[in-house]
Amino acid sequence: MIVSTTLNELNQQLKQRRRQFPDEKIGLVPTMGFLHDGHASMMKRAKEECGYVVLSVFVNPLQFGPNEDFDRYPRDRERDTAIAENNGIDLLFMPSLEEMYPKKPLTKVLISEVTERLCGASRPGHFDGVGTVVSKLFNLIRPDRAYFGMKDAQQVAVVERMVFDLNIPVEIVRCQTLREFDGLAMSSRNVFLNEGERAQAVILFKALEQAEGWITEPGMTAPELKKRLNAFIGQAPLAEIDYAELLEYPDLSEPGADMELKNYPHALIIALAVKFGKTRLIDNRIVEPYGGA
Ligand code: PAF
């Protein structure tokens, strides 16, 4: 595995590889590091589907708000390097802040509408930062396929829309969420949960399981489902709900308030963001009440 920390090295490596294997598919797994088994499963999938796989590890300051956890976001370069190596990564790109943003960026990629709800509403500017850094990574690496985890389903919807709108020649691959033994979605931020918070954090998964069942009840509507979700999560005393929403996926529009969800003619996302202490967790489930297209 080659480790590149500069754009120059990255460029040289990719140029050489493309010269040697012009028909090979290049995969990109973009991450902010502190890798876990969810990332490992994306790396493995990328390796199965592409001849050459680049893993990027970069904690992108543009996607953190002023009062968010950029400084305390967990980082471990040595561990990440070992995990990348063990999962078949060919090129690990780990740039510094100065390398990625040598000047204050005056250009941003702004995606509207799909960014206006859920995490976009709770974290103003977050998806401008994601759109900007993901565009930079796509321009630098020019991957054929890029792998994104569905735990961040809104991010997937945003990146897919950006790629569609700007005709960026990359295929976005949706990767399933990996879970801990009790159902908690794997996340680099889980490390911040204390014992009590960790025990209660499973309420997100349980709420999603419940909600999937409620959707099939005759007469169930979006407002009633959201009411039940809020009450269910409220049973965990340490849980502070940021949002518990039901929207269409991937466009994230609001379903009609009086429409029965049972045979709803569009995929729906049950999306949750819940804080435990200082740690904000997200999770979701996508359901296709009409049985899928
Ligand atoms: O999902 C993440 O880890 C980040 O948002 C991404 C896509 C690497 C951009 O910084």
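These numbers come from a predicted model, not from an experiment. (Residues numbered from 1 in each chain as written. Predicted model: local features only at pLDDT ≥ 70, side-chain atom pairs only at ≥ 80, totals over all residues. Heavy atoms only, no water.)

Okay, the overall build of the protein chain next. The secondary structure content of the protein chain amounts to ten helices and nine strands. In terms of overall dimensions, the protein chain has C-alpha extents of about 60 × 40 × 40 Å along its principal axes. Out of the 293 residues in the protein chain, the part that is buried amounts to 51%. If you take every contact in the protein chain between residues at least 6 apart in sequence, the share linking residues at least 24 apart comes to 72%. Accessible surface computed for the protein chain: about 14,200 Å², of which carbon and sulfur atoms make up 49%. Taking the average place of the 35 positive charges on the side chains of the protein chain and the average place of its 42 negative ones, the gap between the two points comes to 4 Å. (Helix = DSSP H or I, 4+ residues; strand = E, 2+ residues; numbered from the N terminus. Buried < 20%, exposed > 50% of the residue type's maximum accessible area, 1.4 Å probe, protein only. Contact = heavy atoms within 4.5 Å. Areas by Shrake-Rupley, 256 points an atom, 1.4 Å probe, with all protein chains shown as cover. Lys, Arg positive; Asp, Glu negative; His and termini not counted. Charge placed at Lys NZ, Arg CZ, Asp CG, Glu CD.)

Here we come to empty space enclosed by the protein. Per the stated rule, a full pass over the model turns up one cavity of 30 Å³ or more. What the largest cavity holds in volume is close to 50 Å³. Top element by residues in the lining of the largest cavity is strand E9 (residues 279–287). It accounts for three residues. Grouping the amino acids of the lining of the largest cavity by side-chain chemistry returns five nonpolar, two polar and two charged. (1 Å grid on protein atoms, 1.4 Å probe; cavity = no way out; pocket = protein on both sides within 12 Å on 5 of 7 lines; lining within 4 Å. Points joined across faces, edges and corners; volume = space filled by probe spheres on them. Nonpolar A, V, L, I, M, F, W, Y, C, P; charged D, E, K, R; others polar.)

As a further point, take the nonpolar core. Counting 44 residues, the largest nonpolar core has Val54, Phe138 and Ile141 as its most contacted members. Beyond its immediate stretch of four places on either side in the chain, isoleucine 141 contacts Leu10, Leu14, Arg18, Ile26, Leu28, Val54 and Phe93. Counting 29 residues, the second largest nonpolar core, distinct from the first, contains Ala201, Ile203, Leu208 and Leu261. (Core = buried A, V, L, I, M, F, W, Y, C linked by side-chain atoms within 4.5 Å.)

Attention now moves to the sheet that holds strand E5 (residues 145–149). An order of E1-E4-E3-E2-E5-E6 is seen for the six strands of this open sheet, with the pairing classed as parallel. A single partner strand is all that each edge strand has here, and the edge strands are strand E1 (2–4) and strand E6 (171–175). Strand-to-strand twist in this sheet, taken as the mean axis angle between neighbours without regard to direction, amounts to 25°. In this structure, E1 lies alongside strand E4 (residues 91–93), joined through three bridges in parallel fashion. By the bridge assignment for E4, isoleucine 2 is matched with leucine 91. (Pairing = 2+ DSSP bridges. Axes fitted to C-alpha atoms, helices over the stretch in contact; angles between N-to-C directions.)

This part takes up the side chain of threonine 132. Note that threonine 132 resides in helix H6 (residues 126–141). Excluding its chain neighbours within four sequence positions, the residues that come into contact with threonine 132 are Leu62, Thr107, Lys108 and Val109.

Let's shift gears to the site of the ligand. In the region of the ligand, the neighbouring residues are Pro30, Thr31, Met32, Asn60, Gln63, Val133, Phe148 and Gln155. Note that an oxygen atom of the ligand is positioned 2.6 Å from one of the side-chain N or O atoms of glutamine 63. A distance of 2.7 Å separates an oxygen atom of the ligand from a polar atom in the side chain of glutamine 155. Starting from 290 Å² of accessible surface for the ligand in isolation, the protein chains cover 89%. Its residues assigned to classes, the shell around the ligand shows four nonpolar, four polar and no charged. (Near = heavy atom within 4 Å. Polar contact = N/O pair within 3.5 Å; in protein donor to acceptor, adjacent residues only side chain to side chain.)

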